[in-house]
Structure formats: C-alpha cells, structure tokens
Amino acid sequence: MRKNQAMAQPQPHVVAVLALDGVVAFDLGTPVQVFWSARRADHEPLYDVRVCGPGPVRSSAGFTVVPDHGLETLRIAGTVVVPGVHGVGPILDGTIDPEIRDALRDAAERGARIVSICTSASVLAAAGLLDGRPAASHWAYERILRRLYPGVGWDFDVLFMDDGDVLTSAGVGAGIDLCLHIVRADHGSEVANRAARRCVVPPWRDGGQAQFIERPVPPSAGSGTEATRAWVLERLAEPLSLEEMAGHARMSVRTFTRRFRDETGLSPRQWLLRQRVEQARLLLESTDLAVEVVARRAGLGSATALRQHLHATIGVAPAAYRRTFRHGS
C-alpha cells in the first residue's frame, strides 16, 4: 500500500480537476461531486476541489465551461484529475498542447497523484506519463489507443487501475468507482461509504470487475437476484450455501447462477467472498475487535482465512491494514 497523502494532511487535500477542450460533461462532474461529498464525521470537507484549465473550454455536450482556476492550480494540488475528452488531439492523433503536457509532467514530478477518467488516459499517455505502466480506459477506444500509445500496458477489461501515483479508469460510471476508491484509500471505508450514500451510488465495485456485463435477456421486474443479494448482506456471518441463495431467489441453482452472473459479472461464490472481505475491512477500520472475531463476523471463518483473502485482495495482513486505515477513520 502506498502512503496516503490526503490522510496525512491537516488541511483539506487540494484536488485539481483539469477541464480541457472536448471535456466530457459527466466525467467533469464526477470528481467534483464525489470528493466534495467526502467529509469527516463533523461534516468538515476532506478535499478542496478546484476546477481549473487553460481558459474557457468547449465541452463535448455543446456548452462552454469557464473554470474558476488556471493551470497554476496544478502546482499546489495533491491530486490532479483529468476528466474524459472527446474529439481532440490526444484521442485522435496523439498530440497534446505543450502547455498542458508540461503542467502535467511538472505535477507528476512534484509528487502529485495523477488520475484519468475514461478517454483522458490518452491525455496522460500523450504527456508521457503512462509509458511502461498499466492503464485502463473505455473499452470502445481500445483499437485507437493501442495504435497511438503502444508503450502503455493497456487493460480494457477492468473498471479502473491503481498503479500507485497514477490511477486510470474506464468510462462514465467507472470514474465514480475510481474516485470512491481514492477516498477509501485516503480515509477508509466509513468515509467512502458516506460519500457514496450522499451521491446515491453503490459504495464499492472492485477495480478488477469487468467493464461490460452481457445481459442478453433483461430480467423482468421482481425476477432478478437483487433481493437475494440484499438478504445475503444481512447474513454474511452465516455459512450460506449456493443452494440456500438459489432457494431464497426461488430458482434452480443453475438458473440462479446464470442470472447472478448476468447481473453482477461474478459467480455467486465470488461475489459473496468479495462482500465478506469488504465487511472484514470495515470491521478492521472501525472496531478494536480481535482478528479472529472480525473473521467470524465477516463469515470468513478464521483469522488464517482472513489473512489469506486480505493478502490476495490488497497484499497486506489484517494488522498492517488496521494500522494504516484505522488512523484515517
């Protein structure tokens, strides 16, 4: 785990949202809303979000954005977020305004965390910030991005990619997932969950989850697995079997498994394990319970199982995770 810059700062962490020509309106609003919603228990903001740019820019939605701040904001920001762009140089022919390139490079060299949403991974790539690094972007742009930037380790199957000081995401909703992931890494699950509730979005989707989930036949009202998933979340500590989940959904195991995968992109067992690991993380952050007790309450059975699953998920032991994130909570 990397050192969380935002957690260590007594003042709100400055997030510069860089609006460029062709900015995608949804992507521009995403970091502003999510980071604004991340607050302490006393409602004090944890981030100072500033929209900046080289001047008025034209959005891809047909209106002009006039940022309150200029590129000088990148010199003081701890995090720089570049929303997606459409119909401009980085995504068309690999060119970028030298002023933008230099500002991004300077911010990265200074130690700022650099974040892209959707197609703005092309902006980071054009600035030379993704050479030799893994990166995510929207699946629909795979062919052109691989052609323009062959030196980048593209992965178009995941929602987002966290490579430490550079983070990239797929399109639209995946930008929300990445911003919440950053809040969670900086300040823990409780803060991130509160921000998600304020934004009325799911609190957590794993970055490795597939971008595109096939739904050949949309389920009719009341015939999906959503009610069963809610039922399971209230019983994570219990030894739930696939047969019990299918029985609650009033489906055969085969139908339930197929429908579950269609709706979530995961098998029921994979999804259940992820929910239990997430519950264990929350308990480690928010309580002083012994690791063995945390494991039982999360439905993982034993401290040994918790250690194995937590290490497989984020690469650390429960005690190390608690030391890192309990302070932020």
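### Quick word on the packing of helix H12 (residues 268-286) against helix H14 (residues 303-314)
Here is step 1 of the chain: Orientation of H12 relative to H14, taken along the N-to-C sense of each, is 100°, at an axis distance of 10 Å. In terms of their interaxial angle, H12 and H14 are classed as roughly perpendicular. Contact with H12, carried on its side by Leu273, Val277, Ala280, Arg281 and Leu284, involves Leu306, His309, Leu310, Thr313 and Ile314 of H14 and no other residues of that element.
Here is step 2 of the chain: Its residues assigned to classes, the contact of H12 with H14 shows seven nonpolar, two polar and one charged.

### Concerning the sheet that holds strand E5 (residues 79-82)
Here is step 1 of the chain: In space, the six strands of this open sheet follow the order E2-E1-E5-E6-E10-E9, with mixed pairing throughout. Edge positions in the sheet fall to strand E2 (47-52) and strand E9 (160-162), since each has one partner strand and no second. Taken pair by pair, the neighbouring strands of this sheet meet at an average axis angle of 15°, ignoring direction.
Here is step 2 of the chain: Two elements, E5 and strand E6 (residues 113-116), share four bridges in a ladder whose sense is parallel. Across the sheet, residue valine 82 finds its bridge partner in E6, namely serine 116.
Here is step 3 of the chain: Helix H2 (residues 25-37) contacts strand E1 (13-18), E2 and E5 of the sheet and is inclined by roughly 160° relative to E2.

### Concerning the side chain of aspartate 27
Here is step 1 of the chain: Looking at where aspartate 27 falls in the secondary structure, it is placed in helix H2.
Here is step 2 of the chain: By relative accessible area, aspartate 27 is classed as buried at 2%.
Here is step 3 of the chain: In terms of polar contacts, aspartate 27 uses its side chain to reach the backbone amide nitrogen of glycine 84, at 3.3 Å.
Here is step 4 of the chain: When residues no more than four places from it in sequence are discounted, the contact partners of aspartate 27 are Pro83, Gly84, Ile117, Cys118 and Val172.

### Section: the confidence of the model for the protein
Here is step 1 of the chain: Averaged over every residue, the pLDDT of the protein is 89; the share at 70 or more is 89%.
Here is step 2 of the chain: Segment residues 213-221 is flagged for pLDDT under 50; beyond a separation of four residues in sequence, or across chains, it makes eleven contacts in the model.

### Overview of the state of the cysteines
Here is step 1 of the chain: Applying the stated criterion to the full structure yields zero disulfides.
Here is step 2 of the chain: The thiol sulfur of cysteine 199 is not disulfide-bonded, and the nearest other cysteine sulfur, from cysteine 179, lies at 9.3 Å.
Here is step 3 of the chain: For cysteine 199, a relative accessible area of 19% puts it in the buried group.

### Examining the pattern of salt bridges
Here is step 1 of the chain: All told, the structure shown has ten salt bridges when counted by the stated rule.
Here is step 2 of the chain: Across the pair glutamate 278 and arginine 281 runs a salt bridge, and its minimum N-O distance is 3.7 Å. Here arginine 281 and glutamate 278 lie together in helix H12, a separation of three residues that amounts to about one turn.
Here is step 3 of the chain: Exposure remark for arginine 281: the relative accessible area of 9% places this residue in the buried category.
Here is step 4 of the chain: Put simply, Arg133, Asp163 and Asp165 are held in one network by salt bridges that share partners.

The rules behind these values
Positions within a chain are numbered from 1, following the residues in the order the chain's sequence is written. Only residues with pLDDT of at least 70 get local features here, since the model is predicted, and only at 80 or more are side-chain atom pairs given and counted; chain-wide, interface and lining totals rely on the full set of residues. With hydrogens and water excluded, all non-hydrogen atoms of the structure serve as input to the side-chain values. In this analysis, axes come from line fits to C-alpha atoms, helices being fitted only over the stretch in contact, and the angle between any two N-to-C directions falls in the range 0 to 180 degrees. Numbering of helices and strands starts at the N terminus; helices are DSSP runs of H or I of at least 4 residues and strands are runs of E of at least 2. Orientation labels follow simple angle bins: below 35 degrees gives roughly parallel, above 145 gives roughly antiparallel, 65 to 115 gives roughly perpendicular, and whatever is left gives oblique. Working rule for contacts: check all heavy atoms of both residues, and any pair within 4.5 Å makes them a contact. Gly is placed with the polar residues, together with every amino acid not listed as nonpolar (Ala, Val, Leu, Ile, Met, Phe, Trp, Tyr, Cys and Pro) or charged (Asp, Glu, Lys and Arg). Any two strands between which DSSP finds at least two bridges are classified as paired. Exposure categories follow from relative accessible area, calculated using a 1.4 Å probe and restricted to protein chains: below 20% of the type maximum is buried, above 50% is exposed, and the middle band is partly exposed. Each polar contact in these results corresponds to two N or O atoms within 3.5 Å; when the atoms are within protein, one needs to be able to donate a hydrogen and the other to accept it, and residues that are neighboring in sequence are counted only if both atoms are side-chain atoms. Per-residue confidence from the prediction method is given by pLDDT, with values spanning 0 to 100. Cysteine sulfurs are considered disulfide-paired once they come within 2.5 Å of each other. Within this document, salt bridges are pairs made up of a side-chain nitrogen of Lys or Arg and a carboxyl oxygen of Asp or Glu, the two lying within 4 Å of each other.

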